[in-house]
Amino acid sequence: MGVLEFTIGIVLAYISVIVLVIGIIYKFYTWMRVPVPLKVPLTPGPTTYAGVAARLATEVFVFRSLWRGAKKLWMGGWIFHVLLLTTIIAHIINILFHDLWGAIGYFWYDLVGYTGIIFAGALAFLIVRRIVMPNVRYISHLSDYLILLLLISIVLLGDYVRFYSGVDVKQVSAFIYSLIYLRPVEPPSNIYFLLHMLLVEILMIYIPFSKVMHFIGIFLNPVKNQRNDARMRRKVNPWDFPVEIMSWEEYYEKFKDELEMIERGG
Amino acid sequence: MKLDFSRPGEKFRLHASKKSDMELMKLPFPREWSRDDFKLPENWKEIALKKFDEVLKKYRSVRLYMDLCVHCGACSDKCPFFLATNDPYNMPVGRQDLMRAVYRKYYTREGKLLGEKAGARDFDEEMVKLWYTYFYQCSECRRCAVFCPYGIDTAEITIAAREVLTAIGLSPRSTTESIAKCEYIGNHMGIPPAALADACRFMEEEIKEETGIEVKIPINKKGAEILFVPPSADFFGGPHWGTFKGYVKMFHQIGLDYTISTYASEGGNFGLFLNYEHMKKINAKIYKEAKRLGVKWILGGECGHMWRVIHDFMGTMNGPADFLEEPVSPITGTKFKNAVYTKMVHICEFTADLIKHNKLKIDPSKNDQYIVTYHDSCNPARSMGLIDEPRYILKSVCRNYVELDPSVNRERTICCTAGGGLLADETLELRLKAIKPKMEAIKRTGANFLAMICAIDKASFDTYVRHYKLPIKVGGVHELVGNALVF
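Keep in mind that this is a model prediction, so the values were computed, not measured.

Draft legend 1. Structural detail: the packing of aromatic side chains. By the definition in use, this model includes 43 aromatic pairs over all chains. Residues A:Y138 and B:F5 carry aromatic rings whose centres are separated by 5.5 Å and whose planes lie at 50° to one another, so their mutual orientation is tilted. Here B:F5 lies in the segment before α1 (19–24) and A:Y138 lies in helix α7 (residues 134–139), a pairing that spans two chains. Judged by its relative accessible area of 28%, A:Y138 is partly exposed. Among the aromatic residues, ring-to-ring pairing joins B:W44, B:F52, B:Y103, B:Y107, B:F123, B:W131 and B:F135 into one connected group. When the ring centre of A:Y49 is taken as origin, the NZ or CZ atom of A:R227, which lies over that ring, is 4.0 Å away.

What follows is the structure, encoded as C-alpha cells:
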C-alpha cells in the first residue's frame, strides 16, 4: 500500500470521523452551556411543543423563511440541500447495501447518478451569486468562498468517479466495510477516488469549526424553538438580579401635595 | 442593489446623553460628551471587552448567532434602514457583522490568525464609533428575523451591543432622557400627578360636552378590580387623545371597576432600548402598584414596546405576581388563559372578547366617514402575535375596512422606524426615507384613517402623513371603538 492510500484511505478516514463527531458534540456544548434568559419567540408563535416542531419542520424541509426572503436563493439553496440528502442516501445504499438497488430499481440508481450534475450546477449558481451580487460579495469572507469551492470539487470528482473512472463499487464497498469493522484493507488506488475521499475528509474535519454547523444551530435558536407562552407559565432567568426603584413612600413624599389633592377628589 | 460605502448612516448618529441624566440613572461614566467626541474613559477597552464576554455567556441567542450566520444575504434588503440609506452597515447581516468581527478577533483561532481576511476586526475607537452609530440605527423591530432561514434576530444582537455600549458610558439622549423621567416622575413624558389628574378632568369635561355623559376616571383608587396602565402619551393629546377617550367611554359603558395610577402611569418601557437593568426597573412599578392598590389583575393599553416587555419579559423579570388573580373578564366571564402567569391582559384582547360576547352597544355607522386601514406595529405583530384581535375589533366598529398590503404588514410589517430609541429629531430624515414603502402601501389603500395600537407609531405616523401630504387621520383602534359606542 502506498503512502497516499495509507494516509487518505485509513489514517485520515478515522481522524476525520473522530474530529467530526467530537467537534459537533463540543460545539453543541459551547452553545448549550450559555443560558436562555428570556422568552423571545417570533410570530407565528405556537404555544405547544407540537406547534414548535411543525414550525421547525417547515424550515428544515422547505426552507419556509428563505422562500419568503429570497426566492432565487431559495431555488439554488434548496436544490443543493435536497440533492445533498439524496446523494448521501445513495452513497449509503450504493456502498453498504448495493443489492438494494435490485429492489428499488436501477432506474433510480441511474437517476441519482445524473442528479450529480445538477448538484454541481446548483453549487456553481451559489458561487456565481456570491461573486456577482454586490451585497453578498460585501459580506463574504475567505471561508465563504472556500467551502463552496470545496463542495463543488467534491461533487465534480464524485461525478468523475461515478461516470469515468471505472472504479468498481464492490471494491469500494469492501474497503468501507473494512474501515467500519476496524480491519482496514487497501483502498482502490484510483487517484480521483482518493482525491474525492481526501476532500470529503477535509470537509468532515472542517465542519465543526464552520458555519456548516447551522444544521444543528437552527434547532437551538430561541426565536424559533420557544413556545409563545411567556404570559402563561414561569420562565426563569438564571442570571436575573434585583433592582431598586423609587418606592411609593419616596414618590409620595416627592409629590405629597399633588397626591393628596387627587385623594380628595380634586 | 447598490451599496453606498460613504457611510450615509453616520449623519444619523444619535445625540449623547446628558451628564445629569446619566448621574440620575447611575449610569457608568457620567460626563459631558457629544456624538462626535465620545470622551471615552481611559480603560474603556478593558471594560467593553469584559462586558462583551459577559453577554456572550448570558445570551444563548447572541452566542449562537455569532456562529450561525451563513452570509447568504437574504436579510439584506429587508431592513427599512438599509432601504433608506443603502449603507452596508444597515443590512441586518452587516450590522451583526460589526459584533461578529470583534467576536472573531478575540474568540476564534481563524480570526486571531487571519485577521481581516476572516472578517475579524479589533475593537478600537473606530469600531466603537461604528457600534454606537449603527446599533442605534436598528429599531429592534425584528423584521430581519422573519426572512432569515435560521431566524437570526438582529434585535438580540443590538440589545447585547447596547449593554456593552452602556457599560462604557455611551447611550443616546433620546432614550436616557425619557428613562430618567420615568424612573423619577412616573412616566416617560415627565408628567407629574397633578398634571395627569388635570388631563383626566379635561377628558371628563370633553366627553360630557360631546355626549352628555358624566364619566369619572378613577385615579390611584385602592381596591379597584383592575389596574389600567396605558402608555403615558395617551394622556397627552395629539393622535393619542382619541384612544384615551375610547378607553374611558368603553369602561364607562360596561361599568368596569378600574383605576389608573400616577405612580405607574407608564406602560411604555424605554429601558428596553438601553439595558436589562433599566427595562426591569421601569416595569417593576406596575406590579408594585398593583399590589399596593389591591387590584385583581392588570389591563394594558395600546402600546408597542410596553407589550414586548409585558408579553415576553415581565413574568421573568418582575414576577411571580402572587398577589394578583388569574385574569377573568368581569363582564363576560372569559378566563384569559394566555395570561394566567403574568396576569396582564392587552386591551385589544379584552375588547375583542367583549365584542365577541355582544357586550358592547356599538353602531358601526358612526364611523362611516372613515375608510379605515390597520398598520401592524412591530412588537404586537412579531413578538406577541397579536394580529387578528385588532382587525376583529375594527371590522366590528366600522363599515369601511381595507387591508394593507401584507408584504409590508402583518408579520412582515415595516414598523414606524422610530422604535428602539430612534424617535429623535436627528433621525427624522432617515425615518422619512425608511418609511417610504409603507407610506406607498398606505396610499394605495385609499384609506383616510390609519389605525394602530402603538404610541410611538401614532406619534411618528402623524408626522409622516403630513410630510407625505396624505389626507389621513392617525389614531388608535380604541378611538374608533369610542366613536361607535351608543349610550
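Draft legend 2. Representation of the sheet that holds strand β2 (residues 258–259) of chain B in the model. Residues and elements named next belong to chain B. As summarised here, the arrangement of the four strands in space is β2-β1-β3-β4, forming an open sheet in which the pairing is parallel. In this open sheet, the two edge strands, each paired with only one partner strand, are β2 and β4 (344–346). The pairing of strand β1 (residues 226–229) with β2 spans two bridges and is classified as parallel. Each bridged residue has a counterpart across the sheet, and for L227 the counterpart in β2 is T259. Packed on one face of the sheet, helix α15 (residues 347–356) meets β1, β3 (297–300) and β4 and runs near 70° to β4.

Draft legend 3. Representation of the interface of chain B and chain A. Taken together, the contact between chain B and chain A spans 93 residues of the former and 69 residues of the latter. Carbon and sulfur atoms supply 60% of the area buried between chain B and chain A, which totals about 7,000 Å² over both sides. Looking at the side of chain B facing chain A, the largest losses of area belong to B:R60, B:Y263 and B:T316, adding up to 11% of the total buried there. If you look at where chain B meets chain A, you find four salt bridges. A salt bridge links B:E411 to A:R68; the shortest N-O distance between them is 2.7 Å. If you look at where chain B meets chain A, you find 43 residue pairs in polar contact (both at pLDDT 80 or more). By residue number, the principal contributor to the side of chain B that touches chain A is helix α13 (residues 276–293) of chain B, which donates nine residues. Looking at the side of chain B that touches chain A, its residues break down into 48 nonpolar, 15 polar and 30 charged.

The rules behind the values
- Residues numbered from 1 in each chain as written.
- Chains lettered and ligands numbered in written order.
- Predicted model: local features only at pLDDT ≥ 70, side-chain atom pairs only at ≥ 80, totals over all residues.
- Heavy atoms only, no water.
- Phe/Tyr/Trp six-rings, centres within 6.5 Å; stacked < 30°, edge-to-face > 60°.
- Helix = DSSP H or I, 4+ residues; strand = E, 2+ residues; numbered from the N terminus.
- Buried < 20%, exposed > 50% of the residue type's maximum accessible area, 1.4 Å probe, protein only.
- Lys NZ or Arg CZ within 6 Å of the ring centre and 35° of its normal.
- Pairing = 2+ DSSP bridges.
- Contact = heavy atoms within 4.5 Å.
- Axes fitted to C-alpha atoms, helices over the stretch in contact; angles between N-to-C directions.
- Buried area = accessible area lost by both parts, 1.4 Å probe.
- Salt bridge = Lys/Arg side-chain N within 4 Å of Asp/Glu carboxyl O.
- Polar contact = N/O pair within 3.5 Å; in protein donor to acceptor, adjacent residues only side chain to side chain.
- Nonpolar A, V, L, I, M, F, W, Y, C, P; charged D, E, K, R; others polar.

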